[in-house]
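# Close look at the chain arrangement
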Amino acid sequence: MLRAARPLLTGAVGLPRRRNRAVGDDTKRGVVAHLLVVESWVGSMSRLLPRAIREGGHEFTFLTRDLHHYLRAAPEGAAHPLLGARNVITADTNDAEALLPRVERLHAVFGFDGVLTSCDYYLPTVARTAERLGLPGPGSGPVRDACRKDATRRVLAEAGLPGPRFAVHEAWADLARAAREIGYPLVVKPVDLCAGMYVRRVDDEEQLAAAVKELAGFPVNARGQRRAPAVLLEEFLDGPEVSVETVSHAGAVHVVGVTDKSVGGAPAFVETGHMFPAALPAADAEAAGRTALRALGALGLTDAAVAHTEIKLTSAGPRVVEVNPRPAGNRITELVRHVTGVDLAAAFVDVSLGRAPDLRRTATGLASAAVGFLVPDTAGTLDALDGSRLLTAPDVLEAELAAPGTPVRPAGSNNEYLGHVMAGDPRGPGARARVETLLGELRSGMVIR
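Everything numeric in this text was worked out from a predicted model, so none of it was measured. (Residues numbered from 1 in each chain as written. Predicted model: local features only at pLDDT ≥ 70, side-chain atom pairs only at ≥ 80, totals over all residues. Heavy atoms only, no water.)

## Topic: the sheet that holds strand β18 (residues 407-408)
The test is simple: If DSSP finds at least two bridges between two strands, the strands pair. Secondary structure elements are defined from DSSP: runs of H or I of at least 4 residues count as helices, runs of E of at least 2 residues count as strands, and each element is numbered from the N terminus.
In space, the three strands of this open sheet follow the order β18-β16-β20, with antiparallel pairing throughout. The open sheet has two edge strands with one neighbour each: β18 and β20 (447-448). By the bridge criterion, two bridges tie strand β16 (residues 380-384) to β18 in an arrangement that is antiparallel. Looking at β18, one finds that G380 is bridged to V408.

The following block contains the structure:
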């Protein structure tokens, strides 16, 4: 499928109706459940999550503070998938204290069976909501700690997991002193942003000052939430980066597999592609899996959770980069599904309902699948990007490209892609090489003015 984003012109909201059900075990899989979805990303998970809910025979109510945030673009010009909700309700999702009583009143009317979100910025609110309503969830404390990079570092260090030297400060004098103690090069991170935003490698104090100043100029995130002013400094870790995809249910954490990652855009850390499964020696893949399990255990993410744990395979052994208590983004969930048949979005729905997820592997005909992203390194306007040859390539699983006229700026995070290509290999780990070839062909015909 070759797609270009188009403006969404119409949509409809549903009418409320009272439903009362009791679900939560495998014997009740035939019972339709009603989920509360609190916000979402606008990208791929905004399509995958509604699809998983629908294919599971369930329905959902969508709760958002700004419906127009989702009406700016839709796949293939169709109505946005989130508007397939039974109800669309507007509320201030950024004010958890005011939101929780309102959700309780909605729960009295609709009888929700589970609550979830795909957006990092609302994971803590959803966890608190699940606790308030007595619904399945991993717990607000574990989710809060996983969503704060500084808290994750402290929890893992206290649990004895090897990690980079780090420091967290707000004042410049403290940051400069800590940087000298850790030693350059190091990595500067916001404690509460995602998609690689404002994560930078710095090699000296001048670069550190510039990175801290740049971050201070972004006091409110893309969802209107005021950011924490703390800055996290970490020792720069060598080695390739992978991610471990896991599903937790009833105290057991299941490793679905390990995904590799390519990174560009230095001094930023922009994800340029992924392949599943990672082309690693078995010992390295097992070590990454064990490290992820230890991290999830330390954080307490062992029930009703799907997680994406990023790990560096350093010369000193695996080191946790961060833990994300939600399904992986950047099409990784689809890579997993194409190779194994395991649907992580569907697993997310299942565990959010307190149900055992279906993690059985099926024969898909693919040994590997990879995705690569078109990452711009210049500013201007996209004048031409011809993807017509992709339509006839038999190994292309999907492609989505920006339309001519799209404003372009050099990528500083995972938010500036001009599209992606996904391909599979039925014989072995050749999917990444194939994607790189396809991306090269696209770049050769891409014109930015």
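From this point, the narrative continues.
## A short note on the packing of helix α1 (residues 45-55) against helix α10 (residues 344-352)
Note the following rule: To get an axis, fit a line to the C-alpha atoms, keeping to the stretch in contact for a helix; angles then go from 0 to 180 degrees between the N-to-C directions. When describing relative orientation, an angle under 35 degrees is termed roughly parallel and one over 145 degrees roughly antiparallel, while 65 to 115 degrees is termed roughly perpendicular and anything else oblique. Left-handed is the label given to a crossing in which the near helix is rotated counterclockwise from the far helix by less than a right angle, and right-handed is the label when the rotation is clockwise. Contact definition: two residues touch when any of their heavy atoms are within 4.5 Å. Note on residue classes: Ala, Val, Leu, Ile, Met, Phe, Trp, Tyr, Cys and Pro are nonpolar, Asp, Glu, Lys and Arg are charged, and everything else, Gly too, is polar.
Where α1 meets α10, the closest approach of the two axes is 8 Å, and the angle between their N-to-C directions is 60°. With respect to their mutual orientation, α1 and α10 come out oblique. The hand of the α1/α10 crossing is right-handed. Between α1 and α10, the contacting residues are L48, L49, A52 and I53 on the first element and A345, A346, F348 and V349 on the second. Broken down by class, the residue content of the contact of α1 with α10 amounts to eight nonpolar, no polar and no charged.

## Looking at the sheet that holds strand β9 (residues 231-235)
Read across the sheet, four strands follow the order β6-β9-β7-β8 without closing on themselves; strand pairing throughout is antiparallel. In the strand order of this sheet, the two ends are held by β6 (166-169) and β8 (200-202), each with one partner. Ignoring which end each strand starts from, the neighbouring axes of this sheet average 25° apart. Lying on the sheet, helix α5 (residues 149-158) is in contact with β6, β7 (186-190) and β9; it crosses β6 at an angle near 140°. Sitting on the sheet, helix α6 (residues 172-182) touches β6, β7 and β9, and the angle it makes with β9 is about 10°.

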